Amino acid sequence: MRVLVVEDERVLADAIAEWLREETHAVDTAHDGAAALERIAVNDYDVVVLDRDLPVVHGDEVCRELVASDSTARVLMLTAAAEVGDRVAGLALGADDYLAKPFAFAELAARVLALGRRARPAAPPVLRRAGITLDPARREVFRDGRYVPLSKKEFAVLTELLRAEGAVVSAEALLEKAWDENADPFTGVVRLTVLKLRRKLGEPAVVLTVPGAGYRIP
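Under an unreviewed UniProt entry, the name given to the protein chain is Response regulator transcription factor, and the organism recorded is Nonomuraea indica.

Encoded structure:
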């Protein structure tokens, strides 16, 4: 999934981003509301982790603009205020979930995953196609009963291809969902990751290249 973390405390923002990257998400960060709105305008995020008390543009206004834009991104609002009235106010703005500081990173990651599922068309908990079984919760992949060890990016790419249910997924779409904004679209990183994924999945090749369009698992 593509996640935007908006938090003015840079150490905390980096810690959240690193934790979510360990969960195989592609994560961007912003440290004020204006920077967040700029990123939201150009990137398609599944989940936005949004601190409420932001400089430049307040988190409430970021949430309002995100909701008004008809974006499919889900909003997890963070705040130091834990009173019921504060939670109600945040949810009334259009946030999908609310988490008070301090929080456990494992709980935040679980909430992000749950919101990400809601941001997309429903997918089965375990993805299966062409002899491949992928379990997102356990981070496990099997091909015809054989365990296949994958890197985080290979796992993320395979997840997107399986979610497509046989449809073609462009390299641009894979880059959008599996890498963050620092990825260079001209490096061929998607092609190299797909090549490594093919080798690990073994023969016969199951990830097909559709010239000029992208990749698919039939």
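Caption draft 1: Fine view of the pattern of salt bridges. Counted by the stated rule, this structure contains 15 salt bridges. Put simply, Arg74 and Asp96 hold a salt bridge, and the shortest N to O gap is 3.3 Å. Remark: Asp96 occurs in the loop between helix H4 (84-92) and strand S5 (97-100) and Arg74 occurs in strand S4 (residues 74-79); sequence separation between them is 22 residues. With a relative accessible area of 24%, Arg74 lands in the partly exposed category. When its relative accessible area of 22% is taken as the criterion, Asp96 is described as partly exposed. Across the pair Arg111 and Asp97 runs a salt bridge whose closest N-O atoms are separated by 2.8 Å. With Arg111 in helix H5 (residues 105-119) and Asp97 in strand S5, this residue pair connects regions lying 14 residues apart in the sequence.

Caption draft 2: Representation of the sheet that holds S5 within the structure. Spatially, the five strands line up as an open sheet ordered S2-S1-S3-S4-S5, and their pairing is parallel. Pairing within the sheet leaves two strands with one partner each, and these edge strands are strand S2 (26-30) and S5. Along the sheet, successive strands turn relative to each other by an average axial angle of 20°, direction set aside. Of the strand pairs in this sheet, strand S1 (residues 2-6) and S2 are connected by five bridges, and their pairing is parallel. Paired with Leu4 across the bridge in S2 is Asp28.

Caption draft 3: Region of the structure containing the side chain of His25. Mapped onto the elements of the fold, His25 is located in the loop between helix H1 (10-22) and S2. By relative accessible area, His25 is classed as buried at 7%. When near neighbours in sequence (up to four residues on either side) are disregarded, His25 contacts Met1, Val3, Leu20, Val112 and Leu113.

Caption draft 4: Expanded view of the packing of helix H6 (residues 152-163) against helix H8 (residues 189-201). In contact at an axis separation of 10 Å, H6 and H8 are set at 85° when each is read in the N-to-C sense. By the angle between their axes, H6 is roughly perpendicular relative to H8. For the pair formed by H6 and H8, the contact residues are Lys153, Glu154, Val157, Leu158 and Leu161 on the first element and Thr193, Val194, Lys196, Leu197, Lys200 and Leu201 on the second. Per-class residue counts for the contact of H6 with H8 are six nonpolar, one polar and four charged.

Calculation notes
Residues numbered from 1 in each chain as written. Predicted model: local features only at pLDDT ≥ 70, side-chain atom pairs only at ≥ 80, totals over all residues. Heavy atoms only, no water. Salt bridge = Lys/Arg side-chain N within 4 Å of Asp/Glu carboxyl O. Helix = DSSP H or I, 4+ residues; strand = E, 2+ residues; numbered from the N terminus. Buried < 20%, exposed > 50% of the residue type's maximum accessible area, 1.4 Å probe, protein only. Pairing = 2+ DSSP bridges. Axes fitted to C-alpha atoms, helices over the stretch in contact; angles between N-to-C directions. Contact = heavy atoms within 4.5 Å. Parallel < 35°, antiparallel > 145°, perpendicular 65-115°, else oblique. Nonpolar A, V, L, I, M, F, W, Y, C, P; charged D, E, K, R; others polar.

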